[in-house]
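# Understanding the architecture of this molecule
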Protein chains: 2
Amino acid sequence: MASVAADVTDKSEVLGGAADAPLPLASLMADIGRRARKAARALALTSDAARTQALNSAASAIREDAEGLIAANAEDIADARAAGRGEAFIDRLQLTPARVEAIAKAVELVAGLPDPVGRVLATFERPNGLVIERVSVPLGVIGVIFESRPNVAADAGSLCVKAGNAAILRAGSESFRSAQRLVAAVRSGLENAGLPADAVQLVPVRDREAVGLLLGGLDGNVDVIVPRGGKGLVARVQAEARVPVFAHLDGICHVFVHRDADLDMARKVLLNAKMRRTGICGAAETLLVDRAVADTHLKPLVTALIEAGCEVRGDAETQAVDPRVKPATEEDWRTEYEDAIISARVVDDLSQAIDHIETYGSHHTESIITQDKEAAARFQREVDSAIVAHNASTQFADGGEFGFGAEIGIATGRMHARGPVGVEQLTSFKYRIHGNGQTRP
Amino acid sequence: MASVAADVTDKSEVLGGAADAPLPLASLMADIGRRARKAARALALTSDAARTQALNSAASAIREDAEGLIAANAEDIADARAAGRGEAFIDRLQLTPARVEAIAKAVELVAGLPDPVGRVLATFERPNGLVIERVSVPLGVIGVIFESRPNVAADAGSLCVKAGNAAILRAGSESFRSAQRLVAAVRSGLENAGLPADAVQLVPVRDREAVGLLLGGLDGNVDVIVPRGGKGLVARVQAEARVPVFAHLDGICHVFVHRDADLDMARKVLLNAKMRRTGICGAAETLLVDRAVADTHLKPLVTALIEAGCEVRGDAETQAVDPRVKPATEEDWRTEYEDAIISARVVDDLSQAIDHIETYGSHHTESIITQDKEAAARFQREVDSAIVAHNASTQFADGGEFGFGAEIGIATGRMHARGPVGVEQLTSFKYRIHGNGQTRP
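Only a predicted model underlies this, so the values are computations on that prediction, with no experimental measurement involved.

### Some words on the packing of aromatic side chains
For the structure on display, the rule yields twelve aromatic pairs over all chains. Here the aromatic rings of A:F124 and B:F404 are separated by 5.5 Å at their centres, their planes lie at 85°, and the arrangement is edge-to-face. Of the two residues, A:F124 sits in strand 1 (residues 120-125) while B:F404 sits in the loop between helix 16 (399-402) and strand 14 (409-411), which places them in two different chains. With respect to burial, A:F124 and B:F404 carry one shared label: buried. Joined through ring pairs, the aromatic side chains of A:F124, A:F429, A:Y431, B:F402 and B:F404 make up one cluster. Across from the ring centre of A:F89, 4.2 Å away, lies the NZ or CZ of A:R85, which sits over that ring. Here the basic side chain of A:R134 rests over the ring of A:F429, its NZ or CZ set 5.5 Å away from the ring centre.

Right under this line is the structure:
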């Protein structure tokens, strides 16, 4: 097996030739930006059939290279173990035959989505006879910065390509070889379909400075950045990026059990929202119970959580219902545990529930449990979160569950994309005016 | 009449109390940001009826204060004349009784627009019975930086309020008193309707550093910046802003006369596109004529332009049809004249026309004149501009002409808003999930 350095050089040639001769990092990144813009312009004029073919071909290439992928991944894992990474990290990093197959299938799923480009989003017929259409077009060049999960290279790359965009991928140092091999497969799929391989580029060096350059926008050749990773990465991206970012920093999601909640439904939804998977951003972190039903609902809900293996940290009233409840501190209300822990408190009413969420929440996903439609409507109107559910688990915060097919992430910003970011959110639009000689008076 | 300094102090109190005691500029601006965010949160929960009432009341207040407005404006004009400003500048700055009435009417027009908030933009029904709605919500806090036209204070402020947003307005030094007086009227309208006056704030100082602070985003309290003014302003904003910007730098708009163009239609549309108003961003700056019809179409088009008072700068073939045509330099193809001047050239075909536009254009507005629907469709697909017209004047690049009622500007970026930015583009969205106890498997 080649040494690390030789391997990087070999692959970086495969990955676009940007490093045929060693370039200073800034020149190398600027060149990647120019290649991406050129590829994006070409991709914007391709048919959906060509993009679909490219992605199906990429999926085949991933399957065919399963052994090579797993071998490259083994090198990444060996380095990660040598660096003392924990088992949770190794698990995120690891590729197995089943995971390679899942990656290929995910690429095929994206390939099969409806064409997000060319949708007529609105039509205006004007009194002067002009017909004006707003029609979706690709967004441009999307920078994706990810950490240990190598599948992001294939997932994000295919979502970008499906929407007619170019992607610049920056893999975490630990997943570098795995990502490189996956990107090579995706690029071969693009070439098989006659599309420019540079529509998906991996930054071919591990320098951390490359991230800073990417966040700077590469001379206007990056339109948006999507960070996929832990809070450290997202926080850095949000602080440093000179281009728009689709991301969320925290997912401090709330379940509010309103006075008109059905207890059985509340228990079922709450347990799912907290415990189905505790590490995802849509997992509930705080339970709010309406004082009007605290006597009847609080104890059964707390008991159900504890019996499901969840630690409960509560206010005085919550502590009073079960000796196993630990006291919640101010910090608890601001904490995304990403674990089997929940904070819980009693609120006076709907208004106080909304106030609590606006004070401590992260504008991600919240849910109200109630049979009162007016209360639900007010909650959904006044809570300023990307997703506000009524009688449903917060864990539905997911592009797949929304019917988007796949998502590149979930955004809590207010510009362009909010909530799950699927292929539709990776498009912009233009206007087509259809006239028969109209002039403006 | 009070001295300038006293006047500023008096008004800044009216304008929000931010300067009750003199604050360092950074603190003052940070305070404006916090007030705006607070007002935006409150405004997001108001009814359309309240926002409409506030704007109608603002229009009345503007009318009632016509004398005061014109007096304040006279001071601005006196200073501008003393500073040696030209007549075109003075004209943009000047308020007359008719212009005050027009400003009030414009505010009423915005008041009467359909509510842009709460529109259901999409509905997904999921196999598990969940109904998911994408619904429009206000965008947040919008910073508007403008120069000499005081009406922007009322126009932009009312567009922001209609969409449930707060506005932070930064007036050019020369229009400061006029803007102050207009903003005071708008704020009184807000208060009359029980809405927070801080939904529209004017930066109460003339320091140029205030612009830099606003562009920095005021600690996350500014969501988007809209510059309204000359290229110097727009370029500075685009270079320095740390938040998204809705703007266009250039409007280098093209008219392409295709081989299947009707000559009469081409002449009529071209003259309108170039000469109706030469100073607006949708005015045509370059004429491209298909070689296949150069023999029949080029001379009549050039003659019509020259006879309408337009200077023509052409390539060799265009110069050959009329001795009055001046030679075009490379720089001409990149120039937005904003004047009765046009560059003109012959292109080989549709492909070369598209190449020319992509090479020299500014992604604003272009038009193809042709009877060939396939050529038009290809032009509209491949030209990467915000607005691409077929058989219609480029001067339709305007929110009013699109039926948006009014616009805060035209954007050539690809994020969130593109083309005319009306009240709809000043909204974001959220998702509402309607369930009956669904949990995620």
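Next comes the rest of the account.
### Focus: the interface of chain A and chain B
It is common to give the size of an interface as the accessible area lost on bringing the parts into contact. In this assembly, 71 residues from chain A lie in contact with 72 residues from chain B. Linking chain A with chain B are four salt bridges, by the criterion used here. Measuring nitrogen to oxygen at the nearest pair gives 3.9 Å for the salt bridge that ties A:R440 to B:D398. Across the contact surface, chain A and chain B share 51 residue pairs in polar contact (both at pLDDT 80 or more). Those elements that place two or more of their residues in the side of chain A that touches chain B are strand 2 (131-138), helix 10 (231-240), helix 11 (263-275), helix 15 (373-382), strand 13 (387-392), helix 16 (399-402), strand 15 (419-421) and strand 16 (427-438) of chain A. If you tally residues by element for the side of chain A that touches chain B, the top one is strand 16 of chain A, at eleven residues. Inspection of the sheet shows strand 13 of chain A paired to strand 16 (residues 427-438) of chain B by five bridges, in the parallel sense.

### Quick look at the relation of the copies chain A and chain B
Overlay of chain A on chain B (RMSD 0.1 Å): rotation 180°, translation along the axis 0.0 Å. Classification of the inter-copy transformation places it as that of a two-fold axis. Within chain A, the C-alpha atom positioned nearest to the axis of rotation is that of A:H416, 2.0 Å from it. When you check the interface residues of chain A against chain B, 100% turn up at the interface there too, and the contact is symmetric in its surfaces.

### A word on helix 10 (residues 231-240) of chain B
Residue and element names in this part refer to chain B. All of the buried residues along helix 10 are L233, V234 and V237. End-on view of helix 10: buried residues confined to an arc of 95°, all on one side of the axis. Exposed residues lying more than 90 degrees from the buried face of helix 10 are G232 and A239. As for helix 10, its buried residues are in contact with strand 3 (141-146), helix 9 (209-215) and strand 6 (224-228).

### A few points about the domain arrangement of chain A
Entries for chain A in the domain assignment read domain 1 (4-240) and domain 2 (253-401). If you average the C-alpha positions of domain 1 of chain A and of domain 2 of chain A, the two centres end up 37 Å apart.

Rules used throughout
Residues numbered from 1 in each chain as written. Chains lettered and ligands numbered in written order. Predicted model: local features only at pLDDT ≥ 70, side-chain atom pairs only at ≥ 80, totals over all residues. Heavy atoms only, no water. Phe/Tyr/Trp six-rings, centres within 6.5 Å; stacked < 30°, edge-to-face > 60°. Helix = DSSP H or I, 4+ residues; strand = E, 2+ residues; numbered from the N terminus. Buried < 20%, exposed > 50% of the residue type's maximum accessible area, 1.4 Å probe, protein only. Lys NZ or Arg CZ within 6 Å of the ring centre and 35° of its normal. Contact = heavy atoms within 4.5 Å. Salt bridge = Lys/Arg side-chain N within 4 Å of Asp/Glu carboxyl O. Polar contact = N/O pair within 3.5 Å; in protein donor to acceptor, adjacent residues only side chain to side chain. Pairing = 2+ DSSP bridges. Least-squares fit on C-alpha atoms with pLDDT ≥ 70 in both. Arc of directions from axis to C-beta. Domains from an automatic or database assignment.

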